[in-house]
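Working through the structure, step by step
Now for the letters of each chain:
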Amino acid sequence: MENEIKLASGAMVALGVATAALVVMPYVQVRDVAPPPKLQPYTDAQLRGRQVYIANGCVYCHSQQPRDRALGPDLERGWGRASVPGDYVHDKPHLLGSMRTGPDLFNIGARQPSKDWHLGHLYQPRAYVADSIMPSYPYLFRVKDAQEAEREGDQPLKLPPGYGPMVGQVVVPTPEALDLVKYLQGLDHTYPVLPAPVQAQGAAK
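What comes next is a walk through the structure. (Residues numbered from 1 in each chain as written. Predicted model: local features only at pLDDT ≥ 70, side-chain atom pairs only at ≥ 80, totals over all residues. Heavy atoms only, no water.)

1. Digging into the nonpolar core
Counting residues in each nonpolar core, the largest one holds 24 residues, and the members touching the most others are Tyr53, Phe141, Leu180, Tyr183 and Leu184. Taken together, the elements giving at least two residues each to this core come down to α2 (44–55), α4 (115–123) and α6 (175–185). Element by element, the count of residues in this core is highest for α6, at five residues. If we ignore the near neighbours within four places in the chain, the residues touching leucine 180 are Gly49, Val52, Tyr53, Leu122 and Leu140. (Core = buried A, V, L, I, M, F, W, Y, C linked by side-chain atoms within 4.5 Å. Buried < 20%, exposed > 50% of the residue type's maximum accessible area, 1.4 Å probe, protein only. Helix = DSSP H or I, 4+ residues; strand = E, 2+ residues; numbered from the N terminus. Contact = heavy atoms within 4.5 Å.)

2. Describing the pattern of salt bridges
Scanning all chains against the criterion turns up eleven salt bridges. For the salt bridge of aspartate 87 with arginine 81, the shortest nitrogen-to-oxygen distance reads 2.9 Å. Of the charged contacts, one joins aspartate 104 and arginine 100 as a salt bridge, the two residues approaching to 3.6 Å between their closest N and O atoms. What you see here is one network of salt bridges that share partners, running through Arg67, Asp74, Arg77, Arg100 and Asp104. (Salt bridge = Lys/Arg side-chain N within 4 Å of Asp/Glu carboxyl O.)

3. A word on unusual backbone geometry
The phi torsion of most residues other than glycine is negative, and most of the peptide bonds are trans. Residue proline 93 follows lysine 92 across a cis peptide bond; omega there is -5 degrees. Within the secondary structure, proline 93 is located in the loop between α2 and α3 (108–111).

4. Details of α4
Those residues of α4 lying buried are His118, Leu119, Gly120, His121, Leu122 and Tyr123. Looking at the packing, one finds that the buried side of α4 touches α3, β1 (141–145), β2 (169–173) and α6. The N-cap of α4, judged by a side-chain oxygen 3.4 Å from the amide nitrogen of aspartate 116 a few residues on, is serine 114. (Polar contact = N/O pair within 3.5 Å; in protein donor to acceptor, adjacent residues only side chain to side chain.)

These values are about where atoms sit, not about what they do.
See the structure below:
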């Protein structure tokens, strides 16, 4: 009985220490972090797109946390500067990700601002990246008669040759696809997070 009490007490102490180290202390460190001056809150459309991003499991294959140059070649890959806590002030829940089956998306809005590219890439990734293993998301689109789409004011996808539907038909994005693309275009953390260096007196003369 005495050993059982010691075992239970040790387990409770270990749990308490782990909770303090992994939950309480990190929360205290970042709870008052201010957003960088140029970080904009998400728009309503981007928030809806963020939910589409979550629902389709994009976070399982893409991270949103470039590492410091000392920890990896993320900057050389074109993924941008290392992220800081303030970059995620508006992210609830955060979508840092833990896998990089695909590239980091922290700055995909700056690297690839084209709406047409994003829509086409979601419809058929291999039309844009030949060796991509990303799944396609055809259910985020509708195949329509071209004349019907024109009457309804739809904007068909501009797909590369050989990837479109039958002659006389077009592919049009659903509202969910459009919102998802707006979210991806909004992932642009190219603003500075450190203040500009102060010039010494007389240095500018």
